[in-house]
Amino acid sequence: MSFPPSAPPLPDVSRVLCVFAHPDDVDFGSAGTVAAWVDAGIEVSYLLVTRGDAGGFDDTPRHEMPLLREAEQRAAAAAVGVETVEFLEGYRDGSVTASLELRRDLVAAIRRHRPDRILTSSPLRRWDRIAGPSHPDHLATGEAVTCAVYPDARNPFAHPELAAAGLAAWTVREIWYSGGPDPDHAVDVTGVFDRKLAALRAHASQTSHLPDLEGMLRERLGALATAHGLPGRVCEAFTVIRTE
Ligand SMILES: [Zn+2]
């Protein structure tokens with residue numbers, strides 16, 4: 001199972017909501033693209049399902065990890081010009097499922113932010129890279145976001161407590177999926193690479209143990225660029241799906 005070929009991105013996007021399971025997910029796959037959107041005048045907001053309480057590589061006391069990772073995500077967002085960073089409550093790192101409760105919480109966020117485009121993780125597993133992109137929390141978040149976009153957020157009768165609270169139905173027109181199989185829409189992030197690197201360095205609890213983060217990124221994003229006909233550049237790649 002894979003995605004169909006990407007649709008051409010919408011030309012008239014003014015708001016984007018990025019929804020990911022853990023702090024750092026948006027930055028590894030997409031921070032360069034986010035920086036380019038911000039530069040283009042698009043209003044970008046982040047919504048994190050968990051605070052990444054199961055992450056880390058050192059002896060930081062476990063009870064400190066959620067607040068540490070929240071602060072890291074806010075700093076990483078600032079590095080690419082994103083000011084709005086929100087976290088859902090009640091979801092634990094490693095325990096995310098595409099539940100009705102998560103769909104409801106995502107619909108509430110969608111109806112508040114009213115984004116034209118959502119960027120999220122792929123609900124489709126990459127069998128060639130189980131570690132990283134295919135973390136079950138990523139797959140569950142991508143699935144729950146997709147269900148929240150269609151049908152929930154646009155259906156005024158779904159999760160009726162939200163309409164009762166004044167959150168009117170909203171139709172998201174496009175989803176960008178990160179980390180899925182065979183992404184075919186490449187974004188050249190050469191000009192904003194330094195800001196992506198700064199965003200990832202802000203996640204010190206996750207990246208400071210890596211001996212050569214910049215080299216690893218240049219190699220990975222450079223290979224993506226070459227695969228998409230842009231040798232010598234660095235790219236991030238996605239699948240773009242119209243959801244109108
Ligand atoms: Zn993650």
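Residues numbered from 1 in each chain as written. Predicted model: local features only at pLDDT ≥ 70, side-chain atom pairs only at ≥ 80, totals over all residues. Heavy atoms only, no water.

Things to note about the overall build of the chain
Here's step 1: Looking only at helices and strands, the chain has eight helices and seven strands in total.
Here's step 2: Relative to the 2.2 N^0.38 estimate, which gives 18 Å for 244 residues, the radius of gyration of the chain is 17 Å and therefore close to what a compact globule would have.
Here's step 3: Each of the three principal axes of the chain carries a C-alpha extent, and together these read 50 × 45 × 35 Å.
Here's step 4: Across the 244 residues in the chain, those meeting the buried criterion constitute 52%.
Here's step 5: Long-range pairs, those at least 24 residues apart, make up 80% of the contacts in the chain between residues at least 6 apart in sequence.
Here's step 6: For the chain, the accessible surface area stands at approximately 10800 Å², while carbon and sulfur atoms represent 55% of it.
Here's step 7: Taking the average location of the 24 positive side-chain charges in the chain and that of its 34 negative ones, the two points are 3 Å from each other. (Helix = DSSP H or I, 4+ residues; strand = E, 2+ residues; numbered from the N terminus. Rg over C-alpha atoms; globule rule 2.2 N^0.38 Å. Buried < 20%, exposed > 50% of the residue type's maximum accessible area, 1.4 Å probe, protein only. Contact = heavy atoms within 4.5 Å. Areas by Shrake-Rupley, 256 points an atom, 1.4 Å probe, with all protein chains shown as cover. Lys, Arg positive; Asp, Glu negative; His and termini not counted. Charge placed at Lys NZ, Arg CZ, Asp CG, Glu CD.)

Things to note about the state of the cysteines
Here's step 1: Evaluation of the coordinates by the stated rule reveals zero disulfides.
Here's step 2: Cys235 supplies the cysteine sulfur nearest to Cys18, a cysteine that is in no disulfide, at a spacing of 18 Å. (Disulfide = S-S within 2.5 Å.)

Comments concerning unusual backbone geometry
Here's step 1: Note that the residue after Tyr150, namely Pro151, is joined by a cis bond; omega there is 10 degrees.
Here's step 2: Topologically, Pro151 is positioned in the loop between helix H4 (136-149) and helix H5 (160-164).
Here's step 3: Although it is not a glycine, His159 sits at a positive phi angle of roughly 45 degrees.
Here's step 4: Relative to the assigned elements, His159 resides in the loop between H4 and H5.
Here's step 5: For His159, a relative accessible area of 14% corresponds to the buried category.

Re the environment of Glu70
Here's step 1: Mapped onto the secondary structure, Glu70 falls in helix H2 (residues 65-79).
Here's step 2: Taking C-alpha positions, Glu70 is 8.2 Å from Gly52, a pair spaced 18 residues apart along the chain.

Comments concerning the sheet that holds strand S6 (residues 185-188)
Here's step 1: With mixed pairing, seven strands are arranged side by side in an open sheet as S3-S2-S1-S4-S5-S7-S6. On the outer flanks of this sheet lie strand S3 (84-87) and S6, each paired with one strand and no other. On average, each strand axis in the sheet is tilted by 25 degrees relative to the strand beside it, whichever way the strands run.
Here's step 2: Note: strand S1 (residues 15-20) against strand S2 (residues 43-48), six bridges, orientation parallel. Paired with Val16 across the strands is Val44, a residue of S2.
Here's step 3: Its contacts with the sheet put H2 on S2 and S3, and the angle it makes with S3 is roughly 155 degrees.
Here's step 4: Its contacts with the sheet put helix H3 (residues 100-113) on S1, S2, S3 and strand S4 (117-121), and the angle it makes with S1 is roughly 160 degrees. (Pairing = 2+ DSSP bridges. Axes fitted to C-alpha atoms, helices over the stretch in contact; angles between N-to-C directions.)

Describing H3
Here's step 1: When the terminal C-alpha atoms of H3 are compared, their 20 Å separation across 14 residues agrees well with the 20 Å that a helix rising 1.5 Å per residue should span.
Here's step 2: Of all 14 residues that make up H3, 10 are buried, and the element is covered over most of its length.
Here's step 3: The set of residues buried in H3 consists of Leu102, Arg103, Asp105, Leu106, Val107, Ala108, Ala109, Ile110, Arg111 and His113.
Here's step 4: Against S1, S2, S3, S4, H4 and H5 lie the buried residues of H3.
Here's step 5: Residue Arg114 follows H3 closely and has a positive phi angle near 50 degrees. (Expected span 1.5 Å × (residues − 1).)

So, the packing of aromatic side chains
Here's step 1: Taken as a whole, this structure holds three aromatic pairs when the rule is applied.
Here's step 2: Measuring from centroid to centroid gives 5.1 Å for Phe3 and Tyr177, while their planes differ by 20 degrees, and the two rings are stacked. Taken together, the positions of Phe3 in the segment before S1 and Tyr177 in strand S5 (residues 174-178) put the pair 174 residues apart, joining distant regions of the chain.
Here's step 3: A relative accessible area of 17% means that Phe3 is categorised as buried.
Here's step 4: What makes Tyr177 buried here is its relative accessible area of 6%.
Here's step 5: Seen in terms of ring centroids, Trp37 and Trp176 are 5.0 Å apart; in terms of plane orientation they differ by 80 degrees. Their pairing is edge-to-face. Here Trp37, found in helix H1 (residues 25-39), pairs with Trp176, found in strand S5; they are 139 residues apart in sequence, far enough to count as distant. With respect to class, Trp37 is no different from Trp176; both count as buried. (Phe/Tyr/Trp six-rings, centres within 6.5 Å; stacked < 30°, edge-to-face > 60°.)

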